[in-house]
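# Observations on the three-dimensional arrangement
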Amino acid sequence: LRPGRLRWPARGIAWLQRRWEGLLARAFHEPQTGLWRSLLLGQRTALDESLERAFVETGTIHLLVVSGFNVGLIALLLEWGLRLAGVPFRARLGLTAIALAGYSAVTGAQPPVVRATVMAWVVLGGLALDRDLHWPTVWGAALLALLMVSPTQLWDPSFQLSFGAVACLIWLSPGLVGWLKQRLAPWRPHGLWRYVALNMGATLAISVGLAPVLAWYFFLVTPVALLANLLLVPLFSVLIAAGTGLLILATGWPEALLATRVALSVLLEVTLALVRWCQTWPGGHWVVGKPSVVWMAAYYGLLALTLLWRRRKGPAAVIVAAWLFAGLVWGGVAVWHRWGVPPCLRIDVLDVGHGDSALLRLPGGQTLLVDAGTEEAARTRVLPFLRHEGLRRLDGLLLTHPDADHIGGAPAVLAELPVGALLTNGAEDDTMAARRVRALRQDRRVPLRVLHAGMSLDAGPQAQVDVLHPPRGLIAGVSPEANDHSIVLRVVMGDVRVLLTGDLEEQGLPALLQSGQALQAAVLKVPHHGSRLGAAGEAFFARVQPQWALLSVGRLHRLPARETLVALARTGVVVYSTRDQGALRLETDGRRLTLRTFR
């Protein structure tokens, strides 16, 4: 934004943004400044991770970002203010349209704000032309206007959720709100219970209409959103209305914001305390797996038939029977999938860049995460995958050794999911990641188990997980934190064996080879991301004789080493890497073995 390179409207918007950012920084301290910038200016500020998770798990994250909620509130305030000032009807509409365009620009013209502004323009234009306000027409006009500008928006999750939410309010909420009003009509005071009916009816409509879409994209269902929105919508309305009005006033009179900062700070803290309280409700949010396309089609087909049947005033008993029948079918399929499908061993080697993370699901239902990649990989790959699979807990988190590309993501996993036990080789490093793992383990009271060669993990009657390395007491003369003390696992089901080797290197491999343990396996997770392993590596590959070799490699470390690939080629193995094929999934029933690649 060098001087003289922007036209005057853009310079004015940039000046106003900087002015408002400065006023907020002067009036509030972090982290409140970041929250106010998010609420009022739509800036993606770095929020406290636990607070952001609280908003997500209570179904109120939409209140934290500038969206249609803000645009509607600003338009309503403008209408009231201009009407009190005596501005004529059509002039009010025009001034409101211009003000909303300015608000969209100042908040960065983010897609949710632009979508809401376009819909507001359709409403204001229709009113200016004396048209009857027909919400399905407004919805369709705004949808088509935006798709004409950029048709690919149709596949954007934010676009789908924005218009999906409005569609739920148009077609589902009237019936739900009317039903709630009838039930709450005898209660006093009428105004309070009317608000309860409107809020709960709208939230329930969006929950019913968008639950499968939210599960598809975010693997989460939040029943507590009914209570959270009921309590938080009024508070956020006050925060946004008061904050925006005072910020505009403070543009020319900074003392206006300074004089009210204590009251605004207290109100914001009360609001955040309510969010965290709602998060603690048992059963308030459920992690669910990604629904299938068939399940989603059946759900929305049944929902469409319900609306059509109600429009034709058919008996409600028919709809109830249809939903009960669908629930029984779904339950039967779930039971058959759980108990009727033959048990199998599944291993998912995740694409975490330069690092390691693999999820073992054993035939008895136990889940074991072997390493968690880096901190970034845990946030962007490991945790989303666990949510995608619908996992609410892990029976074990095994950290092969204390390198950051293996344990860096462990704190995020421990903070997010209940873990039955933490399994390590006993070596304690003094890195930040290792200290955070120890602190979280103690805080969450996760049992610690130190593994060494000769031990086995509980895998049920149909599978076996043996620890082959490191030896008891570790390797003499080698630093405890070294890669050569990586935990090596042999996973066996029937005739199929899989060898997971962590970051074993040239000093650890001879110890493993001399241990006399059976190393032959159909699948080998290649040690240390395919680094040079020398003569020990060649001897190791010849001893294992794998059919498939799996490499967990990134894109910046020039791995795997050429000599390692040559040594693998001599055994006739087929090599797969997460860099080239993405995540790798192994499945076996003990006789047949399949490998599926993400790409």
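Residues numbered from 1 in each chain as written. Predicted model: local features only at pLDDT ≥ 70, side-chain atom pairs only at ≥ 80, totals over all residues. Heavy atoms only, no water.

A few words now on the side chain of aspartate 351. With respect to the element layout, aspartate 351 can be found in the loop between strand E3 (345-349) and strand E4 (358-361). Within the structure, aspartate 351 has its side chain in polar contact with the side chain of arginine 555 (distance 3.2 Å). The residues touching aspartate 351, leaving out its near neighbours within four places in the chain, are Arg381, Arg555, Thr578, Gly582, Ala583 and Arg599. (Helix = DSSP H or I, 4+ residues; strand = E, 2+ residues; numbered from the N terminus. Polar contact = N/O pair within 3.5 Å; in protein donor to acceptor, adjacent residues only side chain to side chain. Contact = heavy atoms within 4.5 Å.)

On to the sheet that holds strand E9 (residues 456-457). Strand order in the open sheet formed by seven strands is E9-E10-E11-E12-E13-E14-E15, with mixed pairing between adjacent strands. The open sheet has two free edges, formed respectively by E9 and strand E15 (574-577), since each of these has just one partner strand. Of the strand pairs in this sheet, strand E11 (residues 488-493) and strand E12 (residues 496-500) are connected by five bridges, and their pairing is antiparallel. Bridge pairing links valine 491 to valine 498 in E12. (Pairing = 2+ DSSP bridges.)

The next thing to look at is helix H6 (residues 111-128). With 18 residues, H6 extends 25 Å between its outermost C-alpha atoms, agreeing within 8% with the 26 Å of an ideal straight helix rising 1.5 Å per residue. Every buried residue belonging to H6 is among Val113, Arg115, Ala116, Thr117, Val118, Met119, Ala120, Val123, Leu124 and Gly126, and all of these are buried. Looking at the buried residues of H6, the elements they touch are helix H4 (68-84), helix H5 (89-106), helix H7 (135-149) and helix H8 (157-171). Positive backbone phi, at 60°, marks aspartate 130, one or two positions downstream of H6. (Expected span 1.5 Å × (residues − 1). Buried < 20%, exposed > 50% of the residue type's maximum accessible area, 1.4 Å probe, protein only.)

To continue, consider the pairing of strand E5 (residues 367-370). The two faces of E5 match: Thr367 and Leu369 on one face and Leu368 and Val370 on the other face are all buried. Where E4 lies against E5, four bridges are found, and the strand directions are antiparallel. Within E5, the position partnered with leucine 359 by the bridge is leucine 369. Linking E4 to E5, which pair antiparallel, is a turn of five residues; within it glycine 365 sits at a positive phi near 100°.

The element E11 is extensively covered by neighbouring structure, given that six of its six residues are classed as buried. Side chains Val488, Arg490 and Val492 of E11 all project onto a buried face; the interleaved residues Leu489, Val491 and Met493 project onto the opposite face, where all are buried too. In terms of strand pairing, strand E10 (residues 464-469) meets E11 through five bridges, oriented antiparallel. Within the sheet, the bridge partner assigned to valine 465 lies in E11 and is valine 491. Remark: two residues form the turn of the hairpin made by E11 and E12, two consecutive strands paired antiparallel; glycine 494 in that turn has positive phi of roughly 60°.

By size, the foremost hydrophobic cluster in this structure holds 33 residues, and its most contacted members are Leu24, Trp36, Leu247 and Leu257. Counting residues per element, the ones that place at least two in this core are helix H1 (8-27), helix H2 (32-41), helix H3 (49-57), helix H11 (225-250) and helix H12 (255-279). The biggest single contributor to this core is H11, with nine residues. In contact with leucine 24, other than residues within four places in its own chain, are Thr33, Trp36, Arg37, Leu40, Leu41, Leu247 and Leu257. (Core = buried A, V, L, I, M, F, W, Y, C linked by side-chain atoms within 4.5 Å.)

With that settled, consider the sheet that holds E3. Here we have eight strands laid out as an open sheet, ordered E8-E7-E6-E5-E4-E3-E16-E17, and mixed in their pairing. The strands lining the two open edges of the sheet, one partner per strand, are strand E8 (448-450) and strand E17 (593-597). Strand-to-strand, the axes of this sheet are offset by a mean angle of 20°, without reference to chain direction. As judged from the three bridges shared by strand E7 (residues 422-424) and E8, these two strands associate in the parallel manner. (Axes fitted to C-alpha atoms, helices over the stretch in contact; angles between N-to-C directions.)

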